[in-house]
Amino acid sequence: MLLFQLLIALLLTSLAHSDNQCPVQIIPRRAVVRYGDDASADCKTSVLHQGMGWEASEGAVHKTTNQNLITWNVSKLTEWDIKPYCFINYKIGDPAPCQVELPVTVYKTPDSVSISTVDHSGPMMEGEQYKLQCDVHDVAPVQYLAVKWYKGQTLLDQITFTDTSETPVNETVTLLIRPDRADDGAQYRCEAELDLGAEGPQPHPTKTSNPLGVTVHFAPQIQICSDWSPLTETSLDSYPLNLYSVVGNPRPDISWRHKSSSVNSSMPLTKYDSGQYEIIARNDLNVDSCFMEITVEYPPELNCNKSYEVKEKILFHPPCIADGLPKPDIFLYKNGQIIQHDFYPNLNDSGQYQLIAHNQHGIINSSFTINILYAPLFYDSQEKFVVGEDSNITLECYSTGNPEPEVWWSFKNKNISSGRRHINIERATSTDAGVYTCSATNKFGRSDKTFIVEIKDHSYSYISLIVLLVLVPLVLITLFLVWFLMRRRSKSTGRYEIQSVKQHEMQPLSNGGPK
């Protein structure tokens with residue numbers, strides 16, 4: 001058995017010698033150690049050997065012949081360029097060992113990372129170029145260092161180094177910026193990151209500077225300039241200015257002009273202040289302005305009299321002066337009922353009315369009386385009079401109109417009375433017979449009504465009475481005689497039949513011949 005193991009060892013040794021490799025394995029293959037921390041690595045072999053050990057400026061392990069795994073260990077690594085290696089004597093008859101070095105990276109995170117501006121202090125001007133500087137103090141090794149520039153969360157740039165120095169160094173990097181108004185208030189920062197590879201700590205050691213806030217001054221700009229419709233009593237200071245409508249740094253002063261004159265923007269607007277306005281934004285860098293139409297809106301207003309006169313049958317328009325912006329809707333009411341359609345009043349529509357006006361800013365109402373004006377009209381009355389001589393007659397002319405009409409009478413084309421609604425004819429004679437005309441007039445027209453008067457003679461009346469007294473009895477006597485004769489003739493020509501002994505009544509069979 002021992003012989004078999006020896007043969008295996010010789011075979012492995014021969015293979016290793018033929019490949020020209022040192023038959024040891026170091027775990028880990030690379031060591032990444034923070035300066036001042038402990039460090040260790042294992043060296044193992046699977047071949048027979050005459051001795052193996054560690055050579056190092058710190059943590060060396062003396063040559064041993066009875067172990068196949070030995071450990072290099074340092075409790076506090078403070079050497080920047082340490083290069084430990086494991087050696088082994090495995091060739092029979094050859095005292096020279098082979099060796100494998102353990103790569104060791106000793107790192108140190110920066111003591112501080114700071115950001116600043118170069119040759120500038122205070123606000124920056126839009127469009128001008130500025131230099132930012134990042135200082136990284138006492139970091140190693142610099143070849144693994146990356147300095148990253150950020151604005152907010154946005155990565156702007158990344159800088160790496162080719163210096164192979166293993167000991168701590170200070171590094172300074174710069175970034176050129178040309179800020180615009182969007183950068184006002186932006187936060188810049190720089191980060192120092194050590195990317196030590198897969199064997200290094202995860203996540204990568206990083207140190208970040210405090211943020212550098214920048215103030216960017218820029219000229220005013222009115223970004224939103226639109227027409228405006230405020231309500232009365234609103235001031236120009238209430239115009240919807242905000243961070244998005246007017247921008248500028250320093251914050252612009254706002255002023256107003258109307259009709260080429262400056263306007264006190266704190267004064268309340270009236271309904272007479274509508275028109276074109278200029279808004280002006282000004283700071284130390286420049287001036288910007290724009291024009292807009294301002295329309296001052298206000299609730300409805302009514303200016304009504306207590307009463308109005310309106311012509312009948314003419315389309316009615318509300319008589320009040322109605323004002324308001326937007327233009328108010330107008331509604332007319334009578335006795336609580338709305339008049340919804342075109343209103344052509346007639347003579348009976350006089351009375352109390354209410355006008356209501358409203359728009360989106362309010363409602364108002366006013367009451368007034370409407371007096372309907374119309375041309376004269378006549379009421380029905382007796383228009384024909386037939387009387388005898390010496391009779392008394394009264395002709396009555398009933399008329400209406402608004403305004404009250406003037407009335408006069410005429411007879412045979414002559415005015416006989418004025419201002420009177422009736423005339424009296426006493427002891428009428430034939431000369432009073434004829435056509436009488438009543439006339440009524442006002443500013444809207446004239447109306448005439450005629451009356452006919454007939455006068456009868458007395459002698460004609462007496463003769464008529466005598467004729468009447470004579471003729472009436474004669475007519476009555478004649479009618480009686482005719483009736484009597486017809487009655488007698490009817491009785492003499494009738495036919496009768498006796499029907500039985502027991503029946504004592506006679507009944508006419510017919511008024512004519514036999515059946």
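Our structure's up above, just so we're on the same page.
Residues numbered from 1 in each chain as written. Predicted model: local features only at pLDDT ≥ 70, side-chain atom pairs only at ≥ 80, totals over all residues. Heavy atoms only, no water.

**Points about the overall build of the protein chain**
- Looking only at helices and strands, one finds two helices and 41 strands in the protein chain.
- Sorting the 515 residues of the protein chain into buried and exposed places 35% on the buried side.
- Within the protein chain, counting contacts between residues at least 6 apart in sequence, those at least 24 apart form 63% of the total.
- Of the roughly 31900 Å² of accessible surface on the protein chain, a fraction of 51% belongs to carbon and sulfur atoms. (Helix = DSSP H or I, 4+ residues; strand = E, 2+ residues; numbered from the N terminus. Buried < 20%, exposed > 50% of the residue type's maximum accessible area, 1.4 Å probe, protein only. Contact = heavy atoms within 4.5 Å. Areas by Shrake-Rupley, 256 points an atom, 1.4 Å probe, with all protein chains shown as cover.)

**Details of the environment of Ile159**
- Position of Ile159 relative to the elements: it lies in strand 14 (residues 154-160).
- Sequence separation between Ile159 and Val147 is 12 residues; the distance between their C-alpha atoms is 5.1 Å.
- When sequence neighbours within four positions are dropped, the list of residues in contact with Ile159 reads Leu145, Ala146, Val147, Trp149, Val173 and Thr174.

**Quick notes on the packing of aromatic side chains**
- According to the stated counting rule, one finds nine aromatic pairs in the structure shown.
- With centroids separated by 6.3 Å and ring planes inclined at 35°, the aromatic side chains of Trp54 and Trp72 adopt a geometry described as tilted. With Trp54 in strand 4 (residues 51-55) and Trp72 in strand 6 (residues 69-74), this pair connects stretches of sequence that are 18 residues apart.
- Trp54 gets classed as buried once you look at its relative accessible area, which sits at 0%.
- Overall, Trp72 belongs to the buried group, its relative accessible area being 0%.
- Here the aromatic rings of Phe411 and Tyr436 are separated by 4.0 Å at their centres, their planes lie at 10°, and the arrangement is stacked. (Phe/Tyr/Trp six-rings, centres within 6.5 Å; stacked < 30°, edge-to-face > 60°.)

**Re unusual backbone geometry**
- Along the chain, Ile27 connects to Pro28 via a cis peptide bond; the corresponding omega equals -5°.
- Along the chain, Pro28 falls in the loop between strand 1 (25-27) and strand 2 (31-34).
- With phi around 55°, Asn335 is a residue other than glycine that occupies positive phi space.
- Among the secondary structure elements, Asn335 is positioned in the loop between strand 28 (329-334) and strand 29 (337-338).
- Not every positive phi belongs to a glycine, and Asp390 is a case in point at roughly 70°.

**Thoughts on the pattern of salt bridges**
- If you walk through the whole model with that rule in mind, you get 14 salt bridges.
- Notably, a salt bridge pairs Lys151 with Asp183, separated by 2.6 Å at the nearest N-O pair. Taken as a pair, Lys151 in strand 13 (residues 145-151) and Asp183 in the loop between strand 15 (169-177) and strand 16 (187-194) lie far apart in primary sequence, 32 residues in all.
- For Asp183, a relative accessible area of 8% corresponds to the buried category.
- Among the charged side chains, a salt-bridge network with shared partners connects Lys108, Asp111 and Asp138. (Salt bridge = Lys/Arg side-chain N within 4 Å of Asp/Glu carboxyl O.)

**Examining the pairing of strand 20 (residues 246-249)**
- Of the two faces of strand 20, the one lined by Val246 and Gly248 and the one lined by Val247 and Asn249 are each fully buried.
- Inspection of the sheet shows strand 19 (residues 216-222) paired to strand 20 by three bridges, in the antiparallel sense. Paired with Phe218 across the bridge in strand 20 is Asn249. (Pairing = 2+ DSSP bridges.)

**Here's the deal with the layout of surface pockets**
- Reported here for the largest pocket is a volume of approximately 220 Å³.
- For the largest pocket, the full set of lining residues is Leu315, Phe316, His317, Pro318, Ile330, Phe331, Leu332, Ile339, Gln340, His341, Asp342 and Phe343. (1 Å grid on protein atoms, 1.4 Å probe; cavity = no way out; pocket = protein on both sides within 12 Å on 5 of 7 lines; lining within 4 Å. Points joined across faces, edges and corners; volume = space filled by probe spheres on them.)

**Quick look at the pairing of strand 14**
- In this structure, strand 13 lies alongside strand 14, joined through six bridges in antiparallel fashion. Across the sheet, the residue bridging to Val147 is Ile159, located in strand 14.
- Where strand 13 hands over to strand 14, the hairpin turn is made up of two residues, of which Gly152 adopts a positive phi near 65°.

**Topic: the sheet that holds strand 10 (residues 112-117)**
- Reading across from one edge, 10-12-15 is the order of the three strands in this open sheet, with antiparallel pairing throughout. The sheet is open, and its two edges are formed by strand 10 and strand 15, each paired on a single side. For this sheet, the mean angle separating the axes of adjacent strands, direction not counted, is 15°.
- In this sheet, strand 15 lies alongside strand 12 (residues 130-139) in antiparallel orientation, the contact comprising eight bridges. Paired with Asp135 across the strands is Thr172, a residue of strand 15. (Axes fitted to C-alpha atoms, helices over the stretch in contact; angles between N-to-C directions.)

**Section: the sheet that holds strand 36 (residues 414-418)**
- Strands sit in the order 32-39-38-35-36 across an open sheet of five strands; the sheet is mixed. Each edge of the open sheet is held by one strand with a lone partner, namely strand 32 (384-388) and strand 36. Direction aside, the axes of adjacent strands within the sheet are offset by 25° on average.
- Note: strand 32 against strand 39 (residues 445-456), five bridges, orientation parallel. Bridge assignment links Gly388 to a residue of strand 39, and that residue is Lys456.

**Overview of the state of the cysteines**
- Enumeration over the complete set of coordinates arrives at six disulfides.
- Two residues share a disulfide in this structure: Cys22 and Cys98, whose sulfurs sit 1.8 Å from each other. Between Cys22 and Cys98, the S-S dihedral sits near 75°, and the bridge is therefore right-handed. With Cys22 in the loop between helix 1 (2-19) and strand 1 and Cys98 in strand 8 (residues 98-101), the pair connects residues that are 76 residues apart, well separated along the chain. Assigned by exposure class, Cys22 and Cys98 land together as buried.
- Put simply, Cys397 and Cys438 are joined by a disulfide, and their sulfur atoms are 2.0 Å apart. Of note, the bridge from Cys397 to Cys438 carries an S-S torsion of about -85° and is left-handed in sense. Of this pair, Cys397 sits in the loop between strand 33 (393-396) and strand 34 (399-402) while Cys438 sits in strand 38 (residues 434-442), and the two are 41 residues apart along the sequence. (Disulfide = S-S within 2.5 Å.)

Remember, this is a structural readout, not a statement about activity or role.
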